[in-house]
Amino acid sequence: MEWTVPAAAHRLLDAENRREHLARFTDDWAELDLELAYRIQDETLARRLMRGEHIVGVKLGLTSRAKQERMGVDSPLTAWLTDAMVLGGGVPVPLDSLIHPRVEPEIVFVLGEPLAGPGVTATRALAAVESVHAGIEVIDSRYTGFRFRLADVVADNASSGRVVAGSLALQPRGLDLALEPCVLHVNGEVVHTATGAAVQGHPAEALALAANTLASRGITLEAGWCVYTGGLTDAVPLGAGDHIVAEFGHLGAVTVTGE
Ligand code: OOG
Ligand code: MG
């Protein structure tokens with residue numbers, strides 16, 4: 001096939017719609033670098049917006065060692081979240097609309113004011129936060145076996161699938177988010193544990209990273225946007241009947257079930 005930004009964006013969205021996985025692009029497209037990959041990601045966003053979706057925020061990916069080691073990619077990235085990816089609390093994850101979903105616990109910020117890099121520090125980032133929430137991301141790579149290089153996964157909007165945030169909304173002031181504990185339960189068993197420090201040393205560092213790296217592409221984090229700061233632990237597969245709970249110390253718990 002011809003390797004162009006529109007063709008790659010089409011293939012990714014088509015794979016998502018058909019629930020079919022693809023061979024990673026970098027095996028056949030030697031020129032696919034990060035700059036091209038973000039152009040493909042932005043093209044998939046433009047196509048989502050064209051079909052009526054709207055931006056609700058952004059996600060960071062590969063911000064923790066646990067994620068970087070498992071995926072074999074050691075650099076964080078950003079991707080888009082639209083309203084079509086948002087799952088209401090308690091709503092089962094529709095497995096028949098996903099390829100091979102996996103679940104990861106995340107700390108989520110909702111911004112009260114815009115946040116624009118460069119030069120944003122964790123302290124400055126936290127000052128723009130209106131509320132912090134427990135969250136779960138259901139990732140779903142469009143690549144076979146979740147095997148990709150950095151440019152592949154950037155193009156694929158960082159394996160975006162669904163996101164769920166807890167309804168408990170806390171102010172970040174007075175919380176030490178580096179020490180915020182998280183326990184991931186799968187069908188009643190504890191499978192992973194972490195604290196907020198797992199993402200870039202502090203979730204606010206991850207938020208600052210998002211603001212600063214997006215600034216290099218001319219993008220400002222807007223008031224009202226949510227920011228998913230990245231999986232604190234390795235992700236776990238979600239199958240039919242599975243009941244997965246991300247339980248935090250202060251932020252409460254978020255549950256997803258596969259249906
Ligand atoms: C890439 C997406 C990573 C996170 O939170 O680290 C991500 C993947 O693991 O498929 O969303
Ligand atoms: Mg994630």
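Residues numbered from 1 in each chain as written. Chains lettered and ligands numbered in written order. Predicted model: local features only at pLDDT ≥ 70, side-chain atom pairs only at ≥ 80, totals over all residues.

A few words on the overall build of the chain. Assigned secondary structure in the chain consists of 6 helices and 11 strands. In terms of overall size, the chain behaves like a compact globule, its C-alpha atoms giving a radius of gyration of 17 Å where 259 residues would be expected to give roughly 18 Å. The principal-axis extents of the C-alpha atoms in the chain amount to approximately 55 × 45 × 35 Å. Here the chain holds 259 residues, and the buried ones make up 46% of them. Pairs at least 24 apart in sequence give 77% of the contacts found in the chain among residues at least 6 apart. (Helix = DSSP H or I, 4+ residues; strand = E, 2+ residues; numbered from the N terminus. Rg over C-alpha atoms; globule rule 2.2 N^0.38 Å. Buried ≥ 20, exposed ≤ 12 C-beta atoms within 10 Å, placed from the backbone. Contact = placed C-beta atoms within 7 Å.)

Near ligand 1 lie 15 residues; those nearest to it are Gly61, Lys67, Ser159, Gly230 and Gly231. Elements with a minimum of two residues in the shell around ligand 1: β1 (55–61), α3 (65–71) and β4 (129–139). Looking at the shell around ligand 1, its residues break down into 6 nonpolar, 5 polar and 4 charged. (Near = placed C-beta within 6 Å. Nonpolar A, V, L, I, M, F, W, Y, C, P; charged D, E, K, R; others polar.)

Feature annotation in UniProt places "domain: Fumarylacetoacetase-like C-terminal" (unreviewed entry) on residues 80–255, given in this structure's numbering. The annotated region residues 80–255 carries 14% helix and 31% strand content, and the separation between its end C-alpha atoms amounts to 23 Å. (UniProt positions renumbered as here; feature names shortened; annotations may be inferred.)

Here the focus is the pairing of strand β5 (residues 162–165). Neither face of β5 is open: one carries Arg162 and Val164, the other Val163 and Ala165, and all of them are buried. The sheet contact formed by β4 and β5 spans 4 bridges and is antiparallel. Paired with Gly135 across the strands is Ala165, a residue of β5. (Pairing = 2+ DSSP bridges.)

Judged by pairing direction, the sheet is antiparallel, and its 4 strands sit side by side in the order β7-β6-β10-β11 without closing on themselves. For this open sheet the edge positions go to β7 (189–195) and β11 (253–257), each flanked by a neighbour on one side alone. Going across the sheet, the axis of each strand differs from the next one's by a mean of 15°, ignoring polarity. The pairing of strand β6 (residues 181–186) with strand β10 (residues 243–248) spans 5 bridges and is classified as antiparallel. The residue bridging Cys182 from the neighbouring strand is Phe248, located in β10. (Axes fitted to C-alpha atoms, helices over the stretch in contact; angles between N-to-C directions.)

Right, let's talk about helix α6 (residues 203–215) for a bit. Between its first and last C-alpha atoms α6 spans 18 Å; for 13 residues at 1.5 Å apiece the expected length is 18 Å, and the two agree. Listed as buried for α6 are Pro203, Ala204, Glu205, Ala206, Leu207, Ala208, Leu209, Ala210 and Ala211. Packed against the buried residues of α6 are β1, β2 (77–82), β3 (102–111), α4 (122–127) and β8 (226–228). (Expected span 1.5 Å × (residues − 1).)

Locating Phe25 in the fold gives a position in the loop between α1 (5–18) and α2 (34–50). Along the backbone, Phe25 and Asp156 are 131 residues apart, and their C-alpha atoms lie at a distance of 10.0 Å. Ignoring anything within four residues of it in the chain, the contact list for Phe25 reads Ala8, Leu32, Asp152 and Ala155.

Helix length check: α1, at 14 residues, gives a terminal C-alpha distance of 20 Å against a target of 20 Å (1.5 Å per residue), a fit within 8%. Looking only at α1, the buried set comprises Ala8, Ala9, Leu12 and Glu16. Considered in projection along α1, the buried side chains sweep an arc of 100° and stay on one side of the axis. Facing away from the buried side of α1 by over 90 degrees, the exposed positions are Asp14, Asn17 and Arg18. Buried residues along α1 sit in contact with α2 and α5 (150–155). A positive backbone phi angle near 60° is found at Arg19, which sits one or two residues after α1. (Arc of directions from axis to C-beta.)

Turning our eyes to something else, we now look at the pairing of β3. The buried fraction of β3 is high, at 9 of 10 residues. Bridging between β3 and β4 involves 10 bridges; their strand directions are antiparallel. Bridge pairing in β4 places Val108 opposite His133. Relative to strand β9 (residues 236–237), β3 runs antiparallel, the two sharing 2 bridges. Across the sheet, the residue bridging to Arg102 is Pro237, located in β9. With 3 bridges joining them, β3 and β8 adopt antiparallel strand pairing.

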